[in-house]
Amino acid sequence: MEQRVNRVTDHACFGCGEQNPIGLRLVFYRRAEAVEALFTSRAEHEGYAGLVHGGILATLLDEAMSWAVIAKTHHLMVTARMEITYRQPVEVGQPLRVVGWVEQQRARSARARAAIHDATAGDLLVEAHGLFLRAPEERERAWWSRYVPGDSGQR
């Protein structure tokens, strides 16, 4: 059975919240040591004619890495640095598979990677790696109660 990682969606996060009318509404599932979501862009995600805007693709990658960090480390961290390689153009309406995983974790940081693949053909379209830093403890506790209730996050 698939385990959904981001179970609480009644907030306005642009990436995964259901309360954001223009958000992406991503749903991530645990896949072994990674998290994965499916996404199909719409016309409002367009950059150049017919292509998904690079900022939307960056958001998909950032969100995947962030949820991978949460699932692996049980800490809420913020993006400190992210580097993206756009390998192929991504067409509006093209079904995508977004995967994120953690490469290294430390007490106050994690290094993660993410990739966007064509969901049908499997081709690698965009990839990223990033550095994530733990939020201050008080903020992290507040975020846990809001975004991951029932799980203290302290393991």
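Our subject is the structure listed above.
Keep in mind it's a predicted model, so treat the numbers as computed, not measured.

Asker: If you had to explain the environment of Pro95 to someone new, which residues and values would you point to?
Answerer: When you line up the elements, Pro95 lands in strand S5 (residues 95–105). For Pro95, a relative accessible area of 34% corresponds to the partly exposed category. Taking the C-alpha atoms as reference points, Pro95 and Leu38, 57 residues apart in sequence, are found 7.3 Å from one another. If sequence neighbours within four positions are ignored, Pro95 has contacts with Phe39, Thr40, His117, Asp118, Ala119 and Thr120.

Asker: Explain unusual backbone geometry residue by residue, including any values.
Answerer: Unusually for a residue other than glycine, Arg25 sits at a positive phi of about 55°. In this structure Arg25 comes out as partly exposed when scored by relative accessible area, which is 36%. One non-glycine residue, His74, lies in positive phi territory at about 60°. Within the element layout of this structure, His74 appears in the loop between helix H1 (54–73) and strand S4 (77–86). Accessibility expressed as a relative area gives 18% for His74, which makes it buried.

Asker: Kindly report on the pattern of salt bridges, identifying the contributing residues and their values.
Answerer: Enumeration according to the criterion identifies nine salt bridges in this entry. The partner of Glu33 in a salt bridge is Lys72, with the nearest N and O atoms 3.0 Å apart. Of this pair, Glu33 sits in the loop between strand S2 (29–31) and strand S3 (34–40) while Lys72 is found in helix H1, placing the two residues 39 residues apart along the sequence. In this structure, Glu140 and Arg134 form a salt bridge, with 2.9 Å as the shortest nitrogen-oxygen distance. The exposure class of Glu140 is buried, given its relative accessible area of 1%. Residue Arg134 is classed as buried on the basis of its relative accessible area of 17%. By sharing partners, the salt bridges in this structure join Arg31, Glu36 and Arg97 into a single network.

The rules behind these values
Residues numbered from 1 in each chain as written. Predicted model: local features only at pLDDT ≥ 70, side-chain atom pairs only at ≥ 80, totals over all residues. Heavy atoms only, no water. Helix = DSSP H or I, 4+ residues; strand = E, 2+ residues; numbered from the N terminus. Buried < 20%, exposed > 50% of the residue type's maximum accessible area, 1.4 Å probe, protein only. Contact = heavy atoms within 4.5 Å. Salt bridge = Lys/Arg side-chain N within 4 Å of Asp/Glu carboxyl O.

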